[in-house]
Amino acid sequence: MYLADYHIHTKYSFDGYEQIEDICNMAMKRGINEIALTDHMDIFSDKPYESILDCDSLYQDIERAKIEFDGKLIIRKGVELGQPQANPAESRKFMEKYSLDFIIGSIHNIKDDIDVYEYDFKQLDCNEVYREYLMCLSELTVNYNFDVLGHLTYPLRYIYQKEHKRVDLKLFEAQFRELFKKVIERGKGIEVNTSGLLQPMNEMMPPLSIIKLYKECGGEIITVGSDAHKIGQIGTTIKQGQELLKEAGFQYITIFENRKPSFKKI
Ligand SMILES: [Zn+2]
Ligand SMILES: [Zn+2]
């Protein structure tokens, strides 16, 4: 099975730790054929993008790794672009300056630059938070530049972690259908983020029911990523993620070069 881990954070992310070389060695050790390094470029309403990520050093390091691991591991230059709508001008400046292989469009902050993981869900209507989250994903999809939408059920991870509650995704089926229609119309895709498997929620983001719905809506572009922030997480759950895609009816995973998707048989 061709294995591609398309969501990995290096030490350049504010919450990352690992050297690129160590990540590449671990990926090879785990039998991964291809990785995309996708550090956080979170967009804030009041901060220049340069203050979030040292892009010049990061992308130079990736270029060096591409040469060092040539013929052994395919390394893609990516980013996890968080809520570009928080400051469209900053997001545009970043996008114009760097040419990348792959962009995950994510939402971490629904509003006021506050990450969902900081929410006190006891004081909130969890369904309402998730409805808003999907609306932000929809706005990102229609108006911004990316390749796949990241971790579609991100708030559910924290709702479960903090309140031991599971949101009933059936309530959101119509909203998902609408979102997927827009994603597909724009020629974009979604990711299966496997990090939830190693966390209390113990499920992929999104889970099988939503991956099946995406397929039913005509979705074809889909990547699998561990969202590893530490070396031990690299590639551990990728095979499971790809197997889940198979279960949902997909025969291919998607990989990207210079923002162009191509497909590898699962
Ligand atoms: Zn993320
Ligand atoms: Zn991430």
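Notes on the structure in this doc start here. All of these numbers come straight from a predicted model, not from anything done at the bench. (Residues numbered from 1 in each chain as written. Chains lettered and ligands numbered in written order. Predicted model: local features only at pLDDT ≥ 70, side-chain atom pairs only at ≥ 80, totals over all residues. Heavy atoms only, no water.)

On to the coordination of the zinc ion (ligand 1), then. Note on the zinc ion (ligand 1): its protein donors are Glu80 (OE), His108 (NE2) and His151 (NE2). The metal-donor distances range over 2.1 Å. Written as a sequence motif, the donor residues of the zinc ion (ligand 1) are E-x27-H-x42-H. Taken as a pair, the zinc ion (ligand 1) and the zinc ion (ligand 2) lie 3.5 Å from each other and share glutamate 80 as a ligand. Note that glutamate 80 is positioned in strand 3 (residues 74-82) and histidine 151 in the loop between strand 5 (148-149) and helix 5 (154-163), a separation of 71 residues in sequence. (Donors = N, O, S within 2.8 Å, 3.2 Å for Na, K, Ca; no water. Helix = DSSP H or I, 4+ residues; strand = E, 2+ residues; numbered from the N terminus.)

What follows concerns the environment of tyrosine 158. Position of tyrosine 158 among the secondary structure elements: in helix 5. Once the C-alpha coordinates of tyrosine 158 and methionine 1 are considered, the two residues, 157 residues apart in sequence, prove to be 32 Å apart. Among all residues touching tyrosine 158, those that are not within four sequence positions of it are Tyr117, Phe121 and Glu163. (Contact = heavy atoms within 4.5 Å.)

Another aspect to go through is the pattern of salt bridges. Tallied over the entire structure, the rule returns 14 salt bridges. Residue glutamate 128 pairs with arginine 131 through a salt bridge whose shortest N-O separation is 2.9 Å. Taken together, the positions of glutamate 128 and arginine 131, both in helix 4 (residues 126-143) and three residues apart, correspond to about one turn of that helix. Owing to a relative accessible area of 31%, glutamate 128 belongs among the partly exposed residues under this scheme. Judged by relative accessible area, arginine 131 falls into the partly exposed class, the value being 35%. Connected through shared salt-bridge partners, Glu34, Arg76 and Glu257 make up one network. (Salt bridge = Lys/Arg side-chain N within 4 Å of Asp/Glu carboxyl O. Buried < 20%, exposed > 50% of the residue type's maximum accessible area, 1.4 Å probe, protein only.)

A separate point is the coordination of the zinc ion (ligand 2). Surrounding the zinc ion (ligand 2) are the protein donor atoms His7 (NE2), His9 (NE2), Glu80 (OE) and Asp227 (OD), which sit 2.1 to 2.3 Å from the metal. Around the zinc ion (ligand 2), the four donor atoms sit at angles spanning 82 to 168°, and that spread fits a shape best called irregular. Judged by its relative accessible area of 8%, aspartate 227 falls in the buried class. (Tetrahedral: all angles 85-135°; square planar, octahedral: opposite > 155°, others 65-115°.)

Another aspect to go through is the packing of helix 6 (residues 173-185) against helix 7 (residues 208-216). Between helix 6 and helix 7, whose axes approach to 10 Å, the crossing angle comes to 50°. Relative to helix 7, helix 6 is oriented oblique. The two elements helix 6 and helix 7 cross, and the hand of that crossing is right-handed. Here Glu173, Phe176, Arg177, Phe180, Val183 and Ile184 of helix 6 lie close against helix 7, whose contacting residues are Ile210, Leu213, Tyr214 and Glu216. (Axes fitted to C-alpha atoms, helices over the stretch in contact; angles between N-to-C directions. Parallel < 35°, antiparallel > 145°, perpendicular 65-115°, else oblique. Left-handed = near helix turned anticlockwise from the far one by under 90°.)

A separate point is the nonpolar core. In terms of nonpolar packing, the biggest core is built from 93 residues, with Ile35, Met41, Phe94 and Phe176 touching the most fellow members. For this core, the element with the most residues is helix 4, which contributes eight residues. Once residues within four sequence positions are removed from consideration, isoleucine 35 is found in contact with Asp5, Tyr6, Ile8, Ile23, Cys24, Ala27, Leu73, Ile74, Ile75 and Arg76. (Core = buried A, V, L, I, M, F, W, Y, C linked by side-chain atoms within 4.5 Å.)

Across the sheet, seven strands lie side by side as 1-2-3-4-5-6-7; this open sheet has parallel pairing. At either margin of the open sheet sits one strand with a lone partner, and together these are strand 1 (4-8) and strand 7 (222-225). Lying on the sheet, helix 3 (residues 88-97) is in contact with strand 2 (34-42), strand 3 and strand 4 (102-106); it crosses strand 3 at an angle near 165°. (Pairing = 2+ DSSP bridges.)

To describe a pair of aromatic rings, one takes the distance between the centres and the angle between the planes. With the rule as written, the count across this model stands at 15 aromatic pairs. With a centroid separation of 5.4 Å and an interplanar angle of 55°, the aromatic rings of tyrosine 59 and tyrosine 98 are classed as tilted. Within this pair, whereas tyrosine 59 is found in helix 2 (residues 55-68), its partner tyrosine 98 is found in the loop between helix 3 and strand 4, the two being separated by 39 residues in sequence. The two residues tyrosine 59 and tyrosine 98 agree in class, both being buried. An aromatic cluster is defined as three or more aromatic residues linked by ring pairs; in this entry it consists of Tyr117, Tyr130, Tyr133, Tyr154, Tyr158, Phe172, Phe176, Phe180, Tyr214 and Phe250. For the cation-ring pair, lysine 188 lies above phenylalanine 146, with the distance from its terminal atom to the ring centre recorded as 5.7 Å. One Lys or Arg, lysine 215, reaches over the ring of phenylalanine 250 and ends 5.0 Å from the middle of that ring. (Phe/Tyr/Trp six-rings, centres within 6.5 Å; stacked < 30°, edge-to-face > 60°. Lys NZ or Arg CZ within 6 Å of the ring centre and 35° of its normal.)

Spatial relationships are all this shows, so hold off on functional conclusions.
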